[in-house]
Amino acid sequence: MKLNKYIDHTLLKPEATATDIEKLCLEAKQYEFASVCVNPTYVSLAYELLQDTNVNVCVVVGFPLGANITETKIMEITNALHDGASEIDMVMNISQFKSNNYDLVADEMRACKKAAGEAVVKVYHITTRILLTLFYQHNRKLANTPNFINTPSYSLSTLP
């Protein structure tokens with residue numbers, strides 16, 4: 001198994017420059033990573049640099065806090081797909097989750113997945129506790145939601 005095919009080479013620093021993104025894409029091509037993950041402002045550049053490769057372009061939406069309203073995340077997804085993204089990393093609305101608004105969170109995930117069409121959607125959480133709560137207490141509310149859930153301590157879990 002080639003682990004490089006599972007790596008999202010990521011640069012999300014707010015001070016990242018076009019030169020930094022060019023280096024990121026060059027490394028992704030060199031090591032044949034699965035994707036590069038960039039902020040929305042650099043999707044078109046990454047797409048241009050990677051269009052003749054097998055490296056996907058991934059974009060973050062709702063980053064870094066997840067506190068955007070659903071319509072904003074959908075707009076970010078629509079624009080990113082237009083600019084060449086083929087994967088979406090969405091930050092879930094953690095404050096709504098912690099406020100026990102599970103239906104709102106699940107509805108937002110569904111809406112973002114629908115907006116993404118065939119693009120892979122991954123949802124990011126801050127803690128494993130949130131992930132486990134989603135799976136075990138509210139699993140029925142998450143049908144037809146994103147393809148993956150990621151946390152800093154738990155990565156790439158395929159959802160049904």
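Predicted model, so just to flag it, every value in this text is computed and none were measured. (Residues numbered from 1 in each chain as written. Predicted model: local features only at pLDDT ≥ 70, side-chain atom pairs only at ≥ 80, totals over all residues. Heavy atoms only, no water.)

Chemist: Even after reading the chapter, I still don't get the pattern of salt bridges, so can you show me in this structure?
Modeler: Under the counting rule described, the total for this entry stands at seven salt bridges. The residue Lys-122 makes a salt bridge to Glu-87 at a minimum N-O spacing of 3.2 Å. Of this pair, Lys-122 sits in strand β5 (residues 120-124) while Glu-87 sits in strand β4 (residues 87-91); the two residues are 35 residues apart in sequence, bridging distant segments of the chain. For the residue pair Lys-122 and Glu-87, the accessibility class agrees, reading buried in each case. Salt bridges here are not isolated pairs; linked through shared partners, they connect Asp-8, Glu-87, Asp-89 and Lys-122. (Salt bridge = Lys/Arg side-chain N within 4 Å of Asp/Glu carboxyl O. Helix = DSSP H or I, 4+ residues; strand = E, 2+ residues; numbered from the N terminus. Buried < 20%, exposed > 50% of the residue type's maximum accessible area, 1.4 Å probe, protein only.)

Chemist: Would you mind going over the environment of Asn-68 with me for this structure?
Modeler: Inspection of the secondary structure puts Asn-68 in the loop between β3 (56-61) and α3 (70-83). Of the residues examined, Asn-68 reaches a relative accessible area of 24% and is grouped as partly exposed. In this structure the C-alpha to C-alpha distance between Asn-68 and Met-92, which are 24 residues apart in sequence, comes to 9.0 Å. Once residues lying within four places of it in the same chain are set aside, the contact partners of Asn-68 are Gly-62, Lys-73, Glu-76, Asn-93 and Glu-108. (Contact = heavy atoms within 4.5 Å.)

Chemist: What should I look at first to understand the packing of α3 against helix α5 (residues 102-116) in this one?
Modeler: Two quantities define a packed helix pair, namely the angle between the axes and the distance from one axis to the other. At a minimum axis separation of 9 Å, α3 and α5 run at an interaxial angle of 20°. On the basis of their axis angle, the class for α3 and α5 is roughly parallel. α3 and α5 meet at a crossing whose hand is right-handed. Contact residues: Thr-70, Lys-73, Ile-74, Ile-77 and Leu-81 in α3; Glu-108, Ala-111, Cys-112, Ala-115 and Ala-116 in α5. (Axes fitted to C-alpha atoms, helices over the stretch in contact; angles between N-to-C directions. Parallel < 35°, antiparallel > 145°, perpendicular 65-115°, else oblique. Left-handed = near helix turned anticlockwise from the far one by under 90°.)

Chemist: Would you mind showing me how to read the state of the cysteines here?
Modeler: A full pass over the atoms with the stated rule returns zero disulfides. Cys-58 supplies the cysteine sulfur nearest to Cys-37, a cysteine that is in no disulfide, at a spacing of 3.7 Å. (Disulfide = S-S within 2.5 Å.)

Chemist: Quick question: what am I supposed to make of α5 here?
Modeler: Since the α-helix turns once every 3.6 residues, residues separated by three or four places project in the same direction. Its 15 residues place the ends of α5 21 Å apart at the C-alpha level, agreeing with the 21 Å of an ideal helix rising 1.5 Å per residue. Of the positions making up α5, those classed as buried are Tyr-102, Val-105, Ala-106, Glu-108, Met-109, Cys-112, Lys-113 and Ala-116. In an axial view of α5, the angular spread of the buried residues amounts to 155°, which keeps them on one side of the axis. (Expected span 1.5 Å × (residues − 1). Arc of directions from axis to C-beta.)

Chemist: Got a minute to help me understand the packing of aromatic side chains in this structure?
Modeler: The geometry of an aromatic ring pair is captured by two quantities: the separation of the ring centres and the angle between the planes. Evaluation of the coordinates by the stated rule reveals two aromatic pairs. With a centroid separation of 5.0 Å and 70° between ring planes, the pair formed by Phe-97 and Tyr-102 is classed as edge-to-face. Each member of the pair, Phe-97 as well as Tyr-102, is classed as buried. (Phe/Tyr/Trp six-rings, centres within 6.5 Å; stacked < 30°, edge-to-face > 60°.)

Chemist: What exactly am I supposed to notice about the side chain of His-9 here?
Modeler: Mapping His-9 onto the fold places it in strand β1 (residues 8-11). Note on His-9: relative accessible area 19%, which makes it buried. Within the local environment of His-9, its side chain forms a polar contact with the side chain of Glu-27, the two groups lying 2.6 Å apart. In contact with His-9, not counting residues within four places along its chain, are Leu-24, Glu-27, Ala-28, Phe-33, Ser-35, Val-36 and Cys-37. (Polar contact = N/O pair within 3.5 Å; in protein donor to acceptor, adjacent residues only side chain to side chain.)

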